[in-house]
Amino acid sequence: MSPAIRFAPLALLLVFIIALIWRLATPVDTNVPSKLEGKPVPTFDLPAAIPTKGALSTSDLATGRPHLVNIFASWCVPCIGEVKVLQDLKARGVVVEGIAVRDRPEDIAEFLARNGDPYERIGSDAQSRVQIALGSSGVPESFIVDGTGIIRYQHIGPIGAADVPMILRKVEQAR
Amino acid sequence: MIAETGLAALWLAAGLAALQLVLMVLALRSDLEVGRTVRAIAVVQGALTLVAFAMLLLVFARTDLSVALVFENSNVAQPFIYKVAGTWGNHEGSMLLWVAILSVAGAFLAFLSRRTSERTLVAALGAQAALALGFYAFLLIASNPFARLDLNNALFTGALNARGLNPLLQDPGLAFHPPTLYLGYVGLSVAFSLAVGALLTDQVDAQLARAMRPWVLGAWVLLTLGITAGSYWAYYELGWGGYWFWDPVENASLMPWLAATALLHSINVLAARGALKAWTMMLAVIAFSMSMVGTFLVRSGILTSVHAFAIDPERGTFLLALLAIYVGAAFTLFAVRGATLKEGAPFELISRETGLVINNLLLSVVLGIVFLGTLYPLFVEAVSGEKLSVGAPYFNAVAGPLALILAVLVGVGPLLSWRRERRPVFKQLTIPVLLGVTALAITIIVSPSMTILPRLGLTVATYLAAASILPLLRRNPLRAPLATWGMVIAHFGIAVALAGMAMNAAFTSERLAVIKPGETLDVGPWTVLLKDVTPGAGKNWTAVEADLRATRGEKITVLKPQTRYFSNPPTETNEAAIETFWNGQLYTVIGKPDPSGGWQVRLWWKPFVTLIWTGGALIGFGGALALLGRLWRRRRRRSDWRKERYV
Amino acid sequence: MRRAIIILALIAAQPLLADSNLPPAYWANRQLPDPAQEAKAQALMEELRCLVCQGQSIADSDAELAGDMRDLVRRRIAAGENPPAIRAWLVQRYGTWISYKPTGEPAAWPLWLAPIALLLVGAFLIRRRIRLKARD
């Protein structure tokens, strides 16, 4: 047996171990990001989630100024804490639109009454169709859409207080 | 007190393993006569680890909540069998089971081995001790199963009520599936150690092959049965009628099996002709390496799988280090000593040796494909950051045809003679081939729209069912050795399993709908009436149960599928109601209520699906017969061999 | 009355999962009336990966989002779209990760070349083991 063949298994093992070391060092990111960053928002037209707030459609997002589209739900636990941060962003001039996924009007109304209401409009996405169209895979997620309707940034998970400066920067860049 | 005894036993066992290893090194370097001592130490080590495992079993059986592991994985409200089975339903406990089997296997090797030379045996026992040492260290340092609960911490987190065994695992299948699999995985360690021992002492020969064979056969039979059981368990537990998902952990159990199957056949060539030394040694090393890779994959969190244990990169690093050391050392040994492995003359084209070489080749290719497919997404992400998914569409498309080719060859191989086949073998296969072609014609007539793989599957299965029996028909079947019967039954089992898989793919009928009590649903030849939906409860669950009445002609069959709700930990499981008939299974599931007042119902009629697991059981049974046959034959002839025994 | 008790039992036993209060989408667990369309939909669903599960296809997952995706697939197939178009639409949004069927991109070529390559390597390794010319 030639030395090449005899040492081949060892060489292959080395490659294998290196790959596994890399994998252990860079933990698996189970988030599936949307591939629509840099692309226009898909056309959608959602009914109003609660009677007291307007409905949401694509035309509301291409008005010349940037919007933060927040995908949330009343049954989503991390969304509760995120509301305060969204209110903070609203106070600093960011327009926050909401898409409520798989939710009932009474639950949304109760959620807003209990936790606060930073939303301009809220669309009701009862079967996750717009969520899927946007390439989102869970709640909460937020998309920063610029004035011409192009998606500039996707934030997976709740926006924390520490993320506020970064979000503000991204909104500025989207002007 | 019991937990501390177990821990002490484990430490002692680790110490003995270290001693065993040291003695082996001394023996190899200076020709010390330590055979008897090493054997004795191996046996005591095995006994001690068994004691440690028994202590853990006891602690779980009594639900001793002061032990952290019991607190996190068991619950006083659980039925007794799941309290006990919970011992291995978690990372630390199953790791202790692994190590216990490893050291007990070493003990049996020490106790029973008669064929290998003393020097090789000492080397093998030393290798086994080295393996055990690493895993003892892992247990004692990073995964102590006997750690007591830190009460301060528990009170603080408010988790006073113990968590309980994952409801998906609260099932009789749990008692059978993991321990059987572990016996198989870890049984392969003996083949690994014997191969390493033989390479170290330069005694790779037919004698070694005959010594290894019963171990490989035994481990292989258990792996076959364990995988078959796991497949059936997934089938009835997950509620969608699937039986194999090419999940990374399933693949991790398939890879050692593929390597062991190739090893089994390769050993036969080494035992009969003294040839294929390099391949056999390499396969022996690879088989157990695959077992270790599987252990690593399941416990390190690097692959997403429904099977994965708690994710812990620290433990993953430890296991990776062990893997790198053990497999690296074995491969290095192979590279260095490989040059001295002299192969004999080439084989004739039409001979059993060639058949087995090609069999080896195809099995190794399938093994390579499963390995590559499972780890490819990881490699791609490491190199380019891109994420892609590899699943059933890839594996079925690639492994399927290869498996079919293999199945065709399985019909030919056993008919070939050693050295050179002079008779016209292919004439003997006329009838099986004709039967296969007939089956093909029938499928075309009965089901013109069947996809190609199931169609070929049925064809090959029919051919193989007939061809596998041929070796018995050459002579008087009742005088054929038990080992031949075993081979025939195992190969026949392949045909049966293949037929079941093809039938399932081609003829399954599925009905998903929402119906109200009093309405019926048709699936295949059945009419199913939803009579009623009622609440129910068990020891630690509440449920919603449907009463279904299925008719196909005269008789009414009652099925009661449930959805169960557990609170500790909070989960929901589907308990499908399955009824088996001579020609298939009726599989029923109750889903969620619909706002319209109805209930979601899922029904499947799966003709001949049970052939899949019957085939698996036959394969295992055939292997067991072959093992028994060889052991009995050996016993009867032992008086002759005493003269040949090395001292 | 019975139903009320059952629903109460369900609510009382409701696990603390982040699950919505709405029932599954209409076509999540119902088959399309046309068997040919249902077969196409089923084949596609078995190749699409569930976004919130541990490595399952949407065809056999109990997750809500998987149900919504099944609903989406069935609606589109019923409307006449063909499976490759639907798959492409989803890949546009989630990347190739969502398709278990390799979509022909260069990164997947090694997977398809592997069997042939392995067979060739194997054949090369055993070339000296088999005497191809007959002895007599």
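1. Some remarks on the overall build of chain B
Each helix and strand counted, chain B has 21 helices and eleven strands in total. Seen through its principal axes, chain B has C-alpha atoms that stretch 85 × 75 × 55 Å. Looking at chain B residue by residue over its 647 residues, the buried ones come to 54%. Across chain B, every contact between residues at least 6 apart in sequence was considered, and the portion connecting residues at least 24 apart equals 74%.

2. With respect to the overall build of chain A
For chain A, the helix and strand inventory stands at five helices and seven strands. Reading chain A from its N end, one meets helices and strands in the order α-β-β-β-α-β-α-β-α-β-β-α. The C-alpha radius of gyration computed for chain A amounts to 21 Å, which surpasses the reference 16 Å derived for 175 residues by more than 25%, pointing to a less compact arrangement than a globule. Across its three principal directions, the C-alpha atoms of chain A cover 80 × 35 × 30 Å. Each of the 175 residues in chain A was classed as buried or not, and the buried ones make up 43%. Taking contacts inside chain A between residues at least 6 apart in sequence as the whole, the part at least 24 apart equals 76%.

3. Some thoughts on the sheet that holds strand β9 (residues 577–581) of chain B
All names here are of chain B. Sheet architecture is open: four strands sit in the order β2-β11-β10-β9, paired in antiparallel fashion. With one partner strand each, in any of the chains shown, β2 (509–515) and β9 form the two edges of the open sheet. Neighbouring strand axes in the sheet, compared pairwise and without regard to direction, differ in orientation by 15° on average. Examined bridge by bridge, strand β10 (residues 584–593) and strand β11 (residues 599–607) share eight bridges and lie antiparallel to one another. Across the sheet, Thr588 pairs through a bridge with Leu603, a residue of β11.

4. Details of the interface of chain B and chain A
The interface of chain B with chain A comprises 21 residues on the first partner and 16 residues on the second. Going through the elements one at a time, α11 (277–300), α12 (313–337) and α13 (352–384) of chain B are the ones with two or more residues in the side of chain B that touches chain A. A total of eleven residues in the side of chain B that touches chain A trace back to one element, the largest contributor, which is α12 of chain B. Looking at side-chain class alone, the side of chain B that touches chain A contains 14 nonpolar, seven polar and no charged residues.

5. Quick look at the domain arrangement of chain B
When its domains are assigned, chain B resolves into domain 1 (1–169) and domain 2 (514–607). Relative to domain 2 of chain B, the C-alpha centre of domain 1 of chain B lies at a distance of 43 Å.

6. What to know about the nonpolar core
Within the largest apolar cluster, 197 residues are counted, with the highest numbers of intra-cluster contacts made by Ala191, Val216, Ala259, Ala260, Leu263 and Ala287 of chain B. The element that contributes the greatest number of residues to this core is helix α9 (residues 206–237) of chain B, accounting for 17 residues. When near neighbours in sequence (up to four residues on either side) are disregarded, Ala191 of chain B contacts Met212, Trp215, Val216, Leu263, Ala284, Ala287 and Phe288 of chain B. Counting residues in hydrophobic clusters, the runner-up holds 39 residues, among them Ala73, Val94, Ile99 and Phe111 of chain A.

7. Notes on the sheet that holds strand β4 (residues 95–101) of chain A
All names here are of chain A. The five strands lie next to each other as β5-β4-β3-β6-β7, forming an open sheet whose pairing is mixed. At either margin of the open sheet sits one strand with a lone partner, and together these are β5 (122–125) and β7 (151–156). Geometrically, the sheet is characterised by an average inter-axis angle of 20° between neighbouring strands, direction not taken into account. Sheet topology note: the strand β3 (residues 67–72)/strand β6 (residues 141–145) ladder contains five bridges and is antiparallel. Bridge pairing in β6 links Val69 to Phe143.

8. Re the confidence of the model for chain B
Taken residue by residue, chain B gives an average pLDDT of 89. The fraction at 70 or more is 96%. For this predicted complex, the interface score ipTM comes out at 0.87, alongside a pTM of 0.91.

9. Quick notes on unusual backbone geometry
Residue Pro140 of chain A is bonded to the preceding Val139 of chain A through a cis peptide linkage, with omega at -5°. Residue position: Pro140 of chain A is located in the loop between α4 (129–133) and β6. If you check the backbone angles, Phe608 of chain B has positive phi at about 55° while not being a glycine. One can find Phe608 of chain B in the loop between β11 and α20 (611–636).

10. Comments concerning the packing of helix α6 (residues 118–142) of chain B against α12 of chain B
Residue and element names in this part refer to chain B. Viewed as axis vectors pointing N to C, α6 and α12 meet at an angle of 170°, and their least axial separation amounts to 11 Å. Judged by the angle between their axes, α6 and α12 are roughly antiparallel. Taking contact as the criterion, the partners of Leu131, Gly134, Phe138 and Ala142 in α6 are, on α12, Glu314, Arg315, Phe318, Leu319, Leu322, Ile325 and Tyr326. A per-class count over the contact of α6 with α12 returns eight nonpolar, one polar and two charged.

11. Considerations on the environment of Lys83 of chain B
All names here are of chain B. Inspection of the secondary structure assignment puts Lys83 in helix α4 (residues 80–85). Of the residues examined, Lys83 has 21 C-beta atoms within 10 Å and is grouped as buried. What Lys83 contacts, discounting residues up to four positions off in sequence, is Phe60, Ala61, Thr63, Ser74 and Gln78.

12. Remarks on the environment of Gly55 of chain C
All names here are of chain C. Take Gly55: it is sitting in the loop between α2 (35–45) and α3 (64–78). Classification of Gly55 as buried rests on a count of 20 C-beta atoms within 10 Å. Along the primary structure Gly55 and Val91 are separated by 36 residues, whereas in three dimensions their C-alpha atoms are 17 Å apart.

13. Here we look at the interface of chain B and chain C
Of the residues lining the interface, 51 residues belong to chain B; the matching set on chain C comes to 40 residues. At twelve residues, α13 of chain B tops the list of elements feeding residues into the side of chain B that touches chain C. Across the side of chain B that touches chain C, the residue classes tally to 28 nonpolar, 15 polar and eight charged. Across two bridges, strand β1 (residues 347–348) of chain B lies against strand β1 (residues 130–131) of chain C in parallel orientation. Each bridged residue has a counterpart across the sheet, and for Glu348 of chain B the counterpart in β1 of chain C is Arg131 of chain C.

14. Focus on the pairing of strand β6 (residues 556–559) of chain B
Two elements, strand β5 (residues 541–551) of chain B and β6 of chain B, share four bridges in a ladder whose sense is antiparallel. When the bridges of β6 of chain B are listed, Ala550 of chain B appears paired with Thr557 of chain B.

15. Side note on the pairing of β6 of chain A
Residue and element names in this part refer to chain A. Most of β6 sits inside the fold, with five of its five residues counted as buried. Here β6 shows two buried faces, one formed by Glu141, Phe143 and Val145 and the other by Ser142 and Ile144. Two elements, β6 and β7, share five bridges in a ladder whose sense is antiparallel. Looking across to β7, one finds that Glu141 is bridged to Ile156. Counted between consecutive antiparallel strands, the loop separating β6 from β7 contains five residues, among which Gly149 sits at a positive phi close to 90°.

16. Points about α2 of chain C
Residues and elements named next belong to chain C. Within α2, burial applies to Ala41, Leu44 and Met45. For α2, the arc enclosing every buried residue in end-on projection is 100°, short of the 170-degree limit, so these residues lie on one face. Opposite the buried face of α2, by more than 90 degrees, sit the exposed residues Pro35 and Ala36. As for α2, its buried residues are in contact with α3 and α4 (83–94).

17. Regarding helix α5 (residues 91–112) of chain B
Compared with the 32 Å implied by 1.5 Å per residue over 22 residues, the 31 Å span of α5 of chain B between its first and last C-alpha is a close match. Of all 22 residues making up α5 of chain B, 18 are buried, and the element is well covered by its neighbours.

18. Quick notes on the packing of helix α17 (residues 452–467) of chain B against helix α19 (residues 482–507) of chain B
All names here are of chain B. Following both chains from N to C, one finds α17 and α19 inclined at 155°, their axes separated by 8 Å at the closest point. Classified by the interaxial angle, the pair formed by α17 and α19 is roughly antiparallel. Seen from above, α17 lies across α19 with left-handed handedness. Along the contact surface, α17 presents Pro454, Gly457, Leu458, Val460, Ala461, Leu464 and Ala465, while α19 presents His491, Phe492, Ile494, Ala495, Leu498, Ala499, Met501, Ala502, Ala505 and Ala506. Here the contact of α17 with α19 is composed, by residue class, of 15 nonpolar, two polar and no charged.

19. Considerations on the environment of Arg30 of chain C
If you trace the backbone, Arg30 of chain C turns up in the loop between α1 (2–12) and α2. Accessibility expressed as a C-beta count within 10 Å gives 19 for Arg30 of chain C, which makes it partly exposed. With near-sequence residues (within four places) excluded, Arg30 of chain C lies in contact with Leu512, Ala513 and Val514 of chain B.

What counts, and at which threshold
- Residues numbered from 1 in each chain as written.
- Chains lettered and ligands numbered in written order.
- Predicted model: local features only at pLDDT ≥ 70, side-chain atom pairs only at ≥ 80, totals over all residues.
- Helix = DSSP H or I, 4+ residues; strand = E, 2+ residues; numbered from the N terminus.
- Buried ≥ 20, exposed ≤ 12 C-beta atoms within 10 Å, placed from the backbone.
- Contact = placed C-beta atoms within 7 Å.
- Rg over C-alpha atoms; globule rule 2.2 N^0.38 Å.
- Pairing = 2+ DSSP bridges.
- Axes fitted to C-alpha atoms, helices over the stretch in contact; angles between N-to-C directions.
- Nonpolar A, V, L, I, M, F, W, Y, C, P; charged D, E, K, R; others polar.
- Domains from an automatic or database assignment.
- Core = buried A, V, L, I, M, F, W, Y, C linked by C-beta atoms within 7 Å.
- pLDDT = per-residue confidence, 0-100.
- Parallel < 35°, antiparallel > 145°, perpendicular 65-115°, else oblique.
- Arc of directions from axis to C-beta.
- Expected span 1.5 Å × (residues − 1).
- Left-handed = near helix turned anticlockwise from the far one by under 90°.

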